[in-house]
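# Remarks on the overall topology
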Amino acid sequence: MLGYIIRRLFILLLSLFVAAIVLFVLLRLLPGDPANALVGVGATPEQIAAARTQLGSDQPLGMQFLTYLRDLAHFDLGNSFVSRASVLDEISRRLSVTLPLTFAAFFLALVIAIPLGILAAVKADRWFGLLLSVVSQIGIAVPVFWLGILLVYEFSLNLRLLPSGGFPLRGYADPIPAIKAMILPILTIAIVMSASLMRYVRASTLDVLGSDFLRTARALGESRTEALMRHGIRNTAVPVISVLGIELSTAFLGAVVVEQVFSLPGMGSMLLLGIQQRDYPSIQGVLIVSTLLVLMTGFLADLLQRVLDPRLRQGGRR
């Protein structure tokens, strides 16, 4: 198990290194000059040249890349070209919005998807199970931003129960407004994600219901529910966990989109602002942190899958 963890950590670091190279190259291929964003419209060539020197963009690309890797190795994401503020500090502040949004939506989706997915499998031959399957299929097809707009129209404009967007200036120091501001974004992500998760839970549960060990438990006198609860849940969870890692990563990326719909000061608005201003450190910082979070999610999902399924650990030893 320790050897597997070390190998996975090595793959994670290698993937992060490759992602850093790709991001650096792609950003430098984009049209535009970050010096123009720093000095503004109407700047003289001398002012633009001075801005390039200040930003370090007048150096050869190889030197810029080595400096970038050195800073990254020291957990230094640099300073914004525009605000001159620390990119890492700004990301930390915005993650306080994005991460609670992501995890709250993810856990709400689990609460919805797991029981409904199991119920859809158990009642697969009845109208209720068919109805749940149809609803989940429709939910998968719904764009997350469209659902967000629909929820704003209903709960903010019609019912006037929740704010349509924004976040308190004092953040979580104003807990009630902050919670109200997060309810609709959380619901938006959770509804779409739960539809996809429900399909996976249903398929995994159907496989377990048709397995030999469950039929043996039924033959020994256990009811269908008892056999499923005592022997089937763990076997159902193993294939679903790998999907949960992907869904959690998707929830994080979906949160970036939903933040724009609800005007939340999270990672999404920082990324868009950085793109508009050609602010390379801000863009690189957001994308590197996002990549790291996605890779860590996959790593933890693989680790949990091996903990639950001894066959994977035995396969690793062989």
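Structure: see above.
Since the structure is predicted, the reported quantities are computational estimates derived from the model, not experimental observations.

Conventions we followed
Residues numbered from 1 in each chain as written. Predicted model: local features only at pLDDT ≥ 70, side-chain atom pairs only at ≥ 80, totals over all residues. Heavy atoms only, no water. Helix = DSSP H or I, 4+ residues; strand = E, 2+ residues; numbered from the N terminus. Contact = heavy atoms within 4.5 Å. Areas by Shrake-Rupley, 256 points an atom, 1.4 Å probe, with all protein chains shown as cover. Phe/Tyr/Trp six-rings, centres within 6.5 Å; stacked < 30°, edge-to-face > 60°. Buried < 20%, exposed > 50% of the residue type's maximum accessible area, 1.4 Å probe, protein only. Core = buried A, V, L, I, M, F, W, Y, C linked by side-chain atoms within 4.5 Å. Axes fitted to C-alpha atoms, helices over the stretch in contact; angles between N-to-C directions. Parallel < 35°, antiparallel > 145°, perpendicular 65-115°, else oblique. Left-handed = near helix turned anticlockwise from the far one by under 90°. Patch = residues over 30% accessible without salt bridge, like charges linked within 9 Å, V, L, I, M, F, W, Y side chains within 5 Å. Salt bridge = Lys/Arg side-chain N within 4 Å of Asp/Glu carboxyl O.

### Quick notes on the overall build of the protein
Within the protein, the secondary structure is distributed over 13 helices and zero strands. Starting at the N terminus and ending at the C terminus, the protein contains elements arranged as α-α-α-α-α-α-α-α-α-α-α-α-α. Of all intrachain contacts in the protein linking residues separated by at least 6 positions in sequence, the fraction that spans at least 24 positions is 71%. For the protein, the exposed surface amounts to about 17400 Å²; the carbon and sulfur share of it is 68%.

### Considering the packing of aromatic side chains
A full pass over the atoms with the stated rule returns six aromatic pairs. Judged by centre distance (5.8 Å) and plane angle (85 degrees), the ring pair of Trp127 and Phe128 falls under edge-to-face. We classify Phe128 as partly exposed; its relative accessible area is 31%. A connected cluster of aromatic rings, assembled from ring pairs, spans Phe24, Phe65 and Tyr68.

### A closer look at the nonpolar core
In this structure, Leu101, Phe167, Met182, Ile189, Met193, Leu197 and Leu264 are the most contacted members of the largest nonpolar core, which totals 34 residues. Among the elements of the structure, α5 (87-122), α7 (144-158), α8 (175-209) and α10 (224-261) are those that each provide at least two residues to this core. With residues up to four places along the chain from it excluded, the contact list for Leu264 reads Val97, Leu101, Gly166, Phe167, Ala181, Met182, Pro185, Glu259 and Ser269. Counting residues in hydrophobic clusters, the runner-up holds 23 residues, among them Leu16, Phe24, Leu77 and Met270.

### So, the packing of helix α1 (residues 2-29) against helix α4 (residues 61-73)
The geometry of α1 relative to α4 is characterised by a closest axis approach of 11 Å and an angle of 140 degrees between their N-to-C directions. When the axis of α1 is compared with that of α4, the two are oblique. In terms of crossing hand, the pair formed by α1 and α4 is right-handed. The segment α1 lies against α4, with Phe17, Ala20, Ile21, Phe24 and Arg28 engaging Leu61, Gln64, Phe65, Tyr68, Leu69 and Leu72.

### A look at helix α11 (residues 267-276)
Looking at α11, one finds that the buried residues are Met267, Gly268, Ser269, Met270, Leu271 and Gly274. Count one or two residues on from α11 and you reach Arg278, which has phi positive near 55 degrees.

### A closer look at the environment of Ile189
With respect to the helices and strands, Ile189 occurs in helix α8. Beyond its immediate stretch of four places on either side in the chain, Ile189 contacts Leu101, Ala105, Ala251, Gly254, Ala255 and Val258.

### Thoughts on a nonpolar patch on the surface
Together, Phe10, Ile11, Leu14, Phe17, Val18, Val22, Val25, Leu26 and Leu29 make up a nonpolar patch on the protein surface, roughly 850 Å² of accessible area in all. Mapped onto the elements, Phe17 comes out in helix α1.

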